[in-house]
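Residue strings, one per chain:
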Amino acid sequence: MAEIINLNRARKAKARVDKQQQAEENRAKFGRSKAEKQKEAAERNRAERGLDTIL
């Protein structure tokens, strides 16, 4: 016989797994330390100054 499951519990468990997966993707996409953000800003400023001297 097939196993009887509670559909409400199964739906909530799936939603929980989906939410955790989305959170993991967001951490990889947006999760940067303050030092990393400052380094990127410094590199962007350096590149802009280099372009200003050329033009």
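Within each chain, residues carry numbers counting from 1 in the order of the written sequence. In keeping with the predicted nature of the model, local features appear solely for residues at pLDDT of at least 70, side-chain atom pairs appear and are counted solely at 80 or more, and the whole-chain, interface and lining totals rest on all residues. Note that the side-chain values use all heavy atoms of the structure and ignore hydrogens as well as water.

(A) Fine view of the overall build of the chain. From N to C terminus, the chain includes two helices and zero strands. With C-alpha atoms as the basis for the radius of gyration, the globule rule is written as 2.2 Å multiplied by the number of residues raised to the power 0.38. In summary, the chain has a C-alpha radius of gyration of 23 Å against a globular reference of 10 Å for 55 residues, an excess of more than 25%. Judged by the C-alpha coordinates and their principal axes, the chain covers about 75 × 20 × 15 Å. For the exposure calls, accessible area comes from a 1.4 Å probe over protein chains only, and a residue counts as buried if that area is under 20% of its type's maximum, exposed if over 50%, partly exposed in between. By residue count, 0% of the 55 residues in the chain fall in the buried class. Positive: Lys, Arg. Negative: Asp, Glu. His and the chain ends are not part of the count. Charged groups are reduced to one reference atom each: NZ for lysine, CZ for arginine, CG for aspartic acid, CD for glutamic acid. Taken together, the 15 basic and 9 acidic charged side chains of the chain have centroids lying 7 Å from each other. Secondary structure elements follow DSSP: runs of H or I of four or more residues count as helices, runs of E of two or more count as strands, with numbering from the N terminus.

(B) Spatial organisation of the pattern of salt bridges. For this analysis, a salt bridge means a side-chain nitrogen from Lys or Arg found within 4 Å of a carboxyl oxygen belonging to Asp or Glu. Going through the model one piece at a time under the given rule, you end up with three salt bridges. Among the salt bridges present, the one from D18 reaches K14, with a minimum N-O distance of 3.0 Å. Taken together, the residues span about one helical turn, with D18 and K14 both in helix α1 (residues 7–30) at a distance of four residues. Residue classification places D18 among the partly exposed positions, given a relative accessible area of 37%. When the shortest N-O distance is used, the salt bridge between E40 and R32 registers 2.2 Å. The exposure class assigned to R32 is partly exposed, which follows from its relative accessible area of 39%. Members of the salt-bridge network, linked through shared partners, are R32, E40 and R44.

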